[in-house]
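Chain residues, written in single-letter form:
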Amino acid sequence: RTFHPMATSPPPPGGSPPPPKDYQQLYLNVRNKPLVVHDVTVKGNDRTKPGIFDKVLAPIYAAQSLDELRIRCLEANAILNSYAIFDRVDILCDAGPANAPDSASVVVEVTEKNKVNLHGGAYVSQSGEGSAEFSAGLNNALGYGEKLDVEMLQGHEKSSTYGLAWAQPRVFNNDVDVTTRVFQQVSCSKRLSSFDETARGVSVTATGGGPATLAYELVFREINDPTRLASKAIRHQLGHSLKSSVAYSWVVDTRDRVTRPTCGALYRFRSELSGIGLDSQMTKFFKQEIEAQTVHTPTDGVTLSMSAKLGFLKPLGERDVKKGTCVADRFFLGGVGSLRGFDTHGVGPSDERRHPKDLEAANASGILARDQLGGDVMASLFLSAQLEPSWKKLREIGAYAHAFVNAGTLVPFPSGDTSYNSKINTIKDITNSARLSVGVGLVFPLPVGNVEVNYVRVARAGGTDRTKNGLQIGLATALAF
């Protein structure tokens, strides 16, 4: 084969330019022509081991036509990008050498991401605690596509997280990513429930290309009373426990966008079984959570949204049924993003705290009189009509108005007796303990959630609930409930 340099040809009669080539038609004419892949060359892999490319690019050699080669190259490009260790992946197909007719040469050129990455930020949790986070990581340092991350988080109410995580994408060249994490986490609930939980353990999470995630967790937990004012119900929870659990999550999201969707639906299921192992003293329970959101836009400027969440926590084994569930595993309800018109975790069972020595100082500092205990059966519903604001400045920043109805309930699971009567009593408890609020407000979407400024009226509340009629401002970080 000889390469002929471009030569200047005389213009066609009449001086008109030649008609443009229809490259799509040219490709269609030869796409099924037989060929063989002569060679595949990789460039730019300074750290990445050749074995990763060998596994991913091997199917390219099996291509027997131009169209099949195109498909195999697109698949290889998608797989290499899924490793998340390259800034850019380019695959070029060209004719093979002159002594190998009807052959193709493939060149894969990659640009690797930086080895070191740093990240920091400030956040506000759903319970209202501010925190600062810092993380540092190594990307593909050993060349196997791995990621090693160290994370540190400190909250202003003494919550903290320290963790070391190793993430390995595409284990054994399968579409499965595995993350192993060792951590120590302190969850501080002393302001609302007079306890904090210290958890030290390890977790292994496997995520495939589909909507499912499988995780195992082995955690040594300790419940403490840092206030020395905990109620009797919380003091009953103090001490150590061992949790060995497996969890399965399934998420399907068909919404057009995450921030203020206008159509589609979101479904999220999570099941957790604790008590995996031979130790009879392990915490044993089954926990089920279901979340759903559906969005519809009947006309321009008006969007209707419905969100619902259900939760169920059932103790297992004779010991745990008698003792009841751990307060750290229970559901809580109340606050913006949960049940509007109520304070954060202000709904459901509670118990009176011990009286402080200086009652006036305690009242001045805002110490609550009752501990929120959470519940084992939880349900909430949020209906809203979202409207485009007439003020242009608000539309430019993505803000919108909404009118809403929010309902929810939270009850404990009956301990000891699991007979039919207990089930009937639980259903009655759920019905009788329903809470309801209505309101209007403005919503300001942010990457971390929605800031809501609402005027709320509580239509139905429990006797010990902490209500918040009138103006309520907060951050909704969950499903925009």
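Keep in mind that what you see is a predicted model, and the values were worked out from it rather than measured.

Undergrad: Would you mind showing me how to read the overall build of the protein here?
TA: Within the protein, the secondary structure is distributed over nine helices and 21 strands. With the C-alpha coordinates of the protein rotated into their principal frame, the extents come out at 100 × 60 × 45 Å. In the protein, which comprises 481 residues, the proportion classed as buried is 36%. When contacts within the protein are restricted to residue pairs at least 6 apart in sequence, those whose partners lie at least 24 apart make up 58%. Surface accessibility of the protein: about 26,200 Å² in total, with carbon and sulfur atoms responsible for 59%. Separation between the mean location of the 53 positive side-chain charges and that of the 49 negative ones in the protein comes to 4 Å.

Undergrad: Teacher, can you tell me more about the packing of aromatic side chains here?
TA: Summed over all chains, the structure comprises three aromatic pairs. Both rings, one in F53 and one in F86, keep their centres 5.9 Å apart while their planes meet at 40 degrees; by these two values the pair is tilted. Of the two residues, F53 sits in helix α2 (residues 50-57) while F86 sits in strand β2 (residues 86-95), which places them 33 residues apart along the sequence. Judged on exposure class, the residue F53 and its partner F86 are both buried. Judged by centre distance (5.3 Å) and plane angle (45 degrees), the ring pair of W250 and F269 falls under tilted. Residue W250 is located in strand β11 (residues 239-253), and its partner F269 is located in strand β12 (residues 264-274); the two are separated by 19 residues in the primary sequence. Note on W250: relative accessible area 31%, which makes it partly exposed. With a relative accessible area of 28%, F269 lands in the partly exposed category. The aromatic ring of F331 is capped on one face by K287, whose charged end is 4.9 Å from the ring centroid. Taking the ring centre of F404 as reference, the NZ or CZ of R340 above it sits at 5.7 Å.

Undergrad: So what exactly am I meant to see when it comes to the packing of α2 against helix α3 (residues 66-82) here?
TA: Two packed helices can be described by the angle between their axes and the distance between those axes. Across the interface, α2 lies against α3 with an axial gap of 9 Å and an inter-helix angle of 145 degrees. When you trace α2 past α3, the crossing you get is right-handed. Across the interface between the two elements, F53, V56 and L57 of α2 pack against A76, I79 and L80 of α3. Classifying every residue of the contact of α2 with α3 gives six nonpolar, no polar and no charged.

Undergrad: It is not clear to me how the pattern of salt bridges should be interpreted in this structure. Could you clarify?
TA: Scanning the entire structure with this criterion turns up 27 salt bridges. Between D343 and R466 there is a salt bridge whose closest N-O contact spans 3.7 Å. One end of the pair, D343, is in the loop between α6 (317-323) and β15 (350-352); the other, R466, is in the loop between β20 (449-460) and β21 (470-476), and 123 residues separate them in sequence. Overlapping salt bridges, with partners in common, bring together E217, K243, R270, E272 and E289 in one network.

Undergrad: What exactly am I supposed to notice about the pairing of strand β10 (residues 212-224) here?
TA: In summary, the side chains of a regular strand alternate between the two faces of the sheet. Pairing of strand β9 (residues 196-208) with β10 involves twelve bridges; the strand directions are antiparallel. If you follow D196 over to β10, its bridge partner there is N224. In sequence, β9 turns back onto β10 through a hairpin of three residues. Bridge analysis of β10 against β11 gives twelve bridges, and the strand direction is antiparallel. Bridge pairing in β11 links F220 to L242.

Undergrad: How should I be thinking about the environment of T179 in this particular structure?
TA: Along the polypeptide, T179 turns up in strand β8 (residues 176-188). Judged by its relative accessible area of 29%, T179 is partly exposed. Separated by 31 residues in sequence, T179 and L148 place their C-alpha atoms 9.7 Å apart. Setting aside residues up to four positions removed in sequence, T179 forms contacts with A165, W166, A167, S203, V204 and T205.

What counts as what
Residues numbered from 1 in each chain as written. Predicted model: local features only at pLDDT ≥ 70, side-chain atom pairs only at ≥ 80, totals over all residues. Heavy atoms only, no water. Helix = DSSP H or I, 4+ residues; strand = E, 2+ residues; numbered from the N terminus. Buried < 20%, exposed > 50% of the residue type's maximum accessible area, 1.4 Å probe, protein only. Contact = heavy atoms within 4.5 Å. Areas by Shrake-Rupley, 256 points an atom, 1.4 Å probe, with all protein chains shown as cover. Lys, Arg positive; Asp, Glu negative; His and termini not counted. Charge placed at Lys NZ, Arg CZ, Asp CG, Glu CD. Phe/Tyr/Trp six-rings, centres within 6.5 Å; stacked < 30°, edge-to-face > 60°. Lys NZ or Arg CZ within 6 Å of the ring centre and 35° of its normal. Axes fitted to C-alpha atoms, helices over the stretch in contact; angles between N-to-C directions. Left-handed = near helix turned anticlockwise from the far one by under 90°. Nonpolar A, V, L, I, M, F, W, Y, C, P; charged D, E, K, R; others polar. Salt bridge = Lys/Arg side-chain N within 4 Å of Asp/Glu carboxyl O. Pairing = 2+ DSSP bridges.

These figures capture arrangement, not role.
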